[in-house]
Amino acid sequence: MPGLVTSPTKELQQINMDTDNKKTEKYRGGNLKYRLQRKSSQATKTEGLCFEDMSQWSQSLERLLSSKYGMKIFQAFLKSEFSDENIEFWVVCEEFKKIRNSFRISSRAKKIFKRYIQAESPREINIDQKTRERIQQNIEAPSTVCFDDAQKIVYGLMERDSYPRFLKSDIYRTLTDSTSQSVNM
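For the protein, the name recorded in an unreviewed UniProt entry is Regulator of G-protein signaling 13-like, with Pundamilia nyererei as its organism.

Okay, structure coming up:
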């Protein structure tokens, strides 16, 4: 008799949802390596990520950063290591250089300074005091090159430290293994 069948209560439904979420969370949610593997395998099937592109990443940091996927994966790697302020600053500087409006240059320079350069700032990058002071003077009359010295320092830090760690990381190795396997299929 259909009228006598009752649906589960909201409490029971919530318990089932919580259990399902916990089961899938250990495979999906908290595991960066797993998520990147899935994205990589999906990208190799549907988009432009290929083994040839990824093999270029190991040649230089410049090649890695010039790749759309390389940049995203490197950012995710740095974020997983709680050291993504450098790449974030570098990207912000690249965008800043494209601004042509003098009011926007001035406004954006002050925001960049407060976020990355100023001592004790929320995303403070690791630069020497002399460079920090020079930038502080430069933003009085900012130009699109006022952060170039700091950007070069940050690039050097990433090239010497973060980039080699990325190439040795499980994330990178997993991605190169999965894309090279899809090439061999």
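Okay, back to it.
1. Considering unusual backbone geometry
Most peptide bonds adopt trans geometry, and most residues besides glycine take a negative phi value. For Phe-82, which is not glycine, the phi dihedral falls at a positive 55°. Here Phe-82 is to be found in the loop between helix H5 (68-80) and helix H6 (85-96). Even without being glycine, Glu-120 reaches a positive phi, approximately 70°. Topologically, Glu-120 is positioned in the loop between helix H7 (102-117) and helix H8 (129-138).

2. Digging into the nonpolar core
Counting 40 residues, the largest nonpolar core has Phe-74, Ile-87, Phe-89, Ile-117 and Phe-147 as the members making the most contacts within it. Of all the elements in the fold, those that place two or more residues in this core are helix H3 (51-57), helix H4 (61-66), H5, H6, H7, helix H9 (148-168) and helix H10 (170-184). At seven residues, the largest contribution of residues to this core is made by H6. Aside from chain neighbours lying at most four places away, what touches Ile-87 is Leu-65, Met-71, Phe-74, Gln-75, Leu-78 and Met-158.

3. Remarks on the packing of H6 against H9
For any two helices packed against each other, one specifies the inter-axial angle together with the distance between the axes. Where H6 meets H9, the axes come as close as 10 Å, and the angle between the chain directions of the two elements is 140°. Comparing the axis directions of H6 and H9 gives the class oblique. For the pair H6 and H9, the sense of crossing is left-handed. Taken together, the residues of H9 that come into contact with H6 (itself represented by Asn-86, Ile-87, Phe-89, Trp-90, Cys-93 and Glu-94) are Ala-150, Gln-151, Val-154, Tyr-155 and Met-158. Partitioned by chemical class, the residues of the contact of H6 with H9 number eight nonpolar, two polar and one charged.

Quick notes on the rules
- Residues numbered from 1 in each chain as written.
- Predicted model: local features only at pLDDT ≥ 70, side-chain atom pairs only at ≥ 80, totals over all residues.
- Heavy atoms only, no water.
- Helix = DSSP H or I, 4+ residues; strand = E, 2+ residues; numbered from the N terminus.
- Core = buried A, V, L, I, M, F, W, Y, C linked by side-chain atoms within 4.5 Å.
- Buried < 20%, exposed > 50% of the residue type's maximum accessible area, 1.4 Å probe, protein only.
- Contact = heavy atoms within 4.5 Å.
- Axes fitted to C-alpha atoms, helices over the stretch in contact; angles between N-to-C directions.
- Parallel < 35°, antiparallel > 145°, perpendicular 65-115°, else oblique.
- Left-handed = near helix turned anticlockwise from the far one by under 90°.
- Nonpolar A, V, L, I, M, F, W, Y, C, P; charged D, E, K, R; others polar.

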